Amino acid sequence: MSEPRTPGQGMPCGERRELIAGVAREQGRVWVADLVRDLGVSRMTIHRDLKQLAAEGRVVRVRSGATSRTGPGGRNWSA
């Protein structure tokens, strides 16, 4: 019988990045420390994921985390 895995461990990086982008979109912001705790992966893994998501234009990197290109719930920040 296999042991239950934490949400991030063993999760393909693309799937984990989709999850991170979704949380950023829903909440407006994500914190590295929260993602490390919730996904059970290293800080470096989260930093690499955020760097890739920023390169794809899906989030904006900020100190200790990232923000969504839109506001919480997908609302435009400028609206």
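Structure: above.
Remember, it's a predicted structure, so these values are computed and weren't measured experimentally.

Asks: Quick one: what's the story with the nonpolar core, residue by residue and with numbers?
Replies: Of all hydrophobic cores here, the largest spans 13 residues; its most connected members are Ile 20, Val 30, Leu 35, Leu 39, Ile 46, Leu 50 and Leu 53. Counting residues per element, the ones that place at least two in this core are helix H1 (13-27), helix H2 (32-39) and helix H3 (43-55).

Asks: Mind laying out the pattern of salt bridges, listing which residues take part and the relevant values?
Replies: Per the stated rule, a full pass over the model turns up 6 salt bridges. Among the salt bridges present, the one from Arg 17 reaches Asp 49, with a minimum N-O distance of 2.9 Å. One end of the pair, Arg 17, is in helix H1; the other, Asp 49, is in helix H3, and 32 residues separate them in sequence. Residue Asp 49 is classed as buried on the basis of its relative accessible area of 1%. For the salt bridge of Arg 37 with Asp 38, the shortest nitrogen-to-oxygen distance reads 3.0 Å. On the accessibility criterion, Asp 38 (44% relative accessible area) is partly exposed. When salt bridges that share partners are traced, they join Arg 16, Arg 17 and Asp 49 into one network.

Asks: Report on H1, specifying residues and quantitative values.
Replies: With 15 residues, H1 should cover 21 Å at 1.5 Å per step; its first-to-last C-alpha distance of 21 Å lies within 8% of that length. Of the positions making up H1, those classed as buried are Arg 16, Ile 20, Ala 21, Gly 22 and Ala 24. Backbone geometry just downstream of H1 places Gly 28 in the positive-phi region, at approximately 90 degrees.

Asks: I'd like a rundown of the packing of H2 against H3, residues and numbers included.
Replies: Describing two packed helices takes the angle between their axes plus the distance from one axis to the other. With their axes 9 Å apart at the nearest point, H2 and H3 run at an angle of 115 degrees to one another. With respect to the hand of their crossing, H2 and H3 are arranged in right-handed fashion. Side by side, H2 and H3 meet where Val 32, Ala 33, Leu 35, Val 36 and Leu 39 of the first sit next to Arg 43, Ile 46, His 47 and Leu 50 of the second.

Asks: Can you tell me about unusual backbone geometry, naming the residues and giving the values?
Replies: Phi at Ser 64 is positive, roughly 70 degrees, even though this residue is not glycine. Tracing the chain through its elements places Ser 64 in the loop between strand E2 (59-62) and strand E3 (65-68).

Definitions and limits used
Residues numbered from 1 in each chain as written. Predicted model: local features only at pLDDT ≥ 70, side-chain atom pairs only at ≥ 80, totals over all residues. Heavy atoms only, no water. Core = buried A, V, L, I, M, F, W, Y, C linked by side-chain atoms within 4.5 Å. Buried < 20%, exposed > 50% of the residue type's maximum accessible area, 1.4 Å probe, protein only. Helix = DSSP H or I, 4+ residues; strand = E, 2+ residues; numbered from the N terminus. Salt bridge = Lys/Arg side-chain N within 4 Å of Asp/Glu carboxyl O. Expected span 1.5 Å × (residues − 1). Axes fitted to C-alpha atoms, helices over the stretch in contact; angles between N-to-C directions. Left-handed = near helix turned anticlockwise from the far one by under 90°. Contact = heavy atoms within 4.5 Å.

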